[in-house]
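Structural overview for review
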Amino acid sequence: LLDPNSDSVPDYDACIRISTVASLREMIAPAALVMLSPLIAGTLFGVKAVFGLLPGALVCAVQLAVSMSNSGGAWDNCKKYIAAGLDADTELRKKDAQGRSTPVHDAAVTGDTIGDPFKDTSGPALNILMKLSAILSLVFAPYFLAINSGRGLFNIH
């Protein structure tokens, strides 16, 4: 593929298939955590445990979303700042005196690669997490109430 005279054609479908299968496999554990947490808490400890779990998850998710959005924005702005060459320090420039990319700029590009998904996907993903936990809790509320009058299998008062 690196040979300019090669007749080889990249197998894009295989790349997409590998990425998709790996992504879906990696999402099983986080999805199970989000869906099973309220179900296990409600079944074992009762309705009050679910009442505590939901606000706790909400507060944690909001803090994480804000932190990820700010971090991603900082990394993105760092690359833009270095690329613009606004700093008086010549080490904080995109190119050195010989016209080569500086290590600082290369590091900023790496940070930007991480920062873009942080700022662009963290909020929507955590929004779905919070909604899914709340909806599952509402759907299973009658089930939680049916177990020892809402006190769970451990019959906690």
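Residues numbered from 1 in each chain as written. Predicted model: local features only at pLDDT ≥ 70, side-chain atom pairs only at ≥ 80, totals over all residues. Heavy atoms only, no water.

This brings us to the packing of helix H2 (residues 28–45) against helix H4 (residues 103–139). It is at 9 Å that the axes of H2 and H4 come closest, and there the two elements cross at 35°. In the packing of H2 onto H4, the handedness of the crossing is right-handed. Where H2 abuts H4, its residues Val34, Met35 and Pro38 lie against Leu129, Leu132, Ser133, Leu136 and Ser137. The residue inventory of the contact of H2 with H4, partitioned by class, reads six nonpolar, two polar and no charged. (Axes fitted to C-alpha atoms, helices over the stretch in contact; angles between N-to-C directions. Helix = DSSP H or I, 4+ residues; strand = E, 2+ residues; numbered from the N terminus. Left-handed = near helix turned anticlockwise from the far one by under 90°. Contact = heavy atoms within 4.5 Å. Nonpolar A, V, L, I, M, F, W, Y, C, P; charged D, E, K, R; others polar.)

Below, the discussion takes up the packing of H2 against helix H3 (residues 47–84). Packed helices, taken two at a time, are described by the angle their axes make and the gap between the axes. As a packed pair, H2 and H3 sit with axes 7 Å apart at the nearest point and diverge in direction by 150°. Taken together, the axis directions place H2 and H3 in an arrangement best described as roughly antiparallel. On H3, the residues touching Ser37, Pro38, Ala41, Gly42 and Phe45 of H2 are Val47, Ala49, Val50 and Leu53. Looking at side-chain class alone, the contact of H2 with H3 contains seven nonpolar, two polar and no charged residues. (Parallel < 35°, antiparallel > 145°, perpendicular 65-115°, else oblique.)

The next point concerns the environment of Ser71. Along the chain, the position of Ser71 falls in helix H3. Note: C-alpha distance between Ser71 and Phe118 (47 residues apart in sequence) is 7.3 Å. For Ser71, the side chain forms a polar contact with the main-chain oxygen of Ser67, separated by 2.8 Å. (Polar contact = N/O pair within 3.5 Å; in protein donor to acceptor, adjacent residues only side chain to side chain.)

Attention shifts here to the pattern of salt bridges. Tallied over the full model, the rule gives six salt bridges. Close ionic contact of Lys80 with Asp76 constitutes a salt bridge, the shortest N to O distance being 3.3 Å. Of this pair, Lys80 and Asp76 both sit in helix H3, four residues apart, roughly one helical turn. Between Asp112 and Lys79 there is a salt bridge, and its shortest N-O distance comes to 3.4 Å. With Asp112 in helix H4 and Lys79 in helix H3, this residue pair connects regions lying 33 residues apart in the sequence. (Salt bridge = Lys/Arg side-chain N within 4 Å of Asp/Glu carboxyl O.)

None of the figures reported here should be taken as evidence of function without further support.
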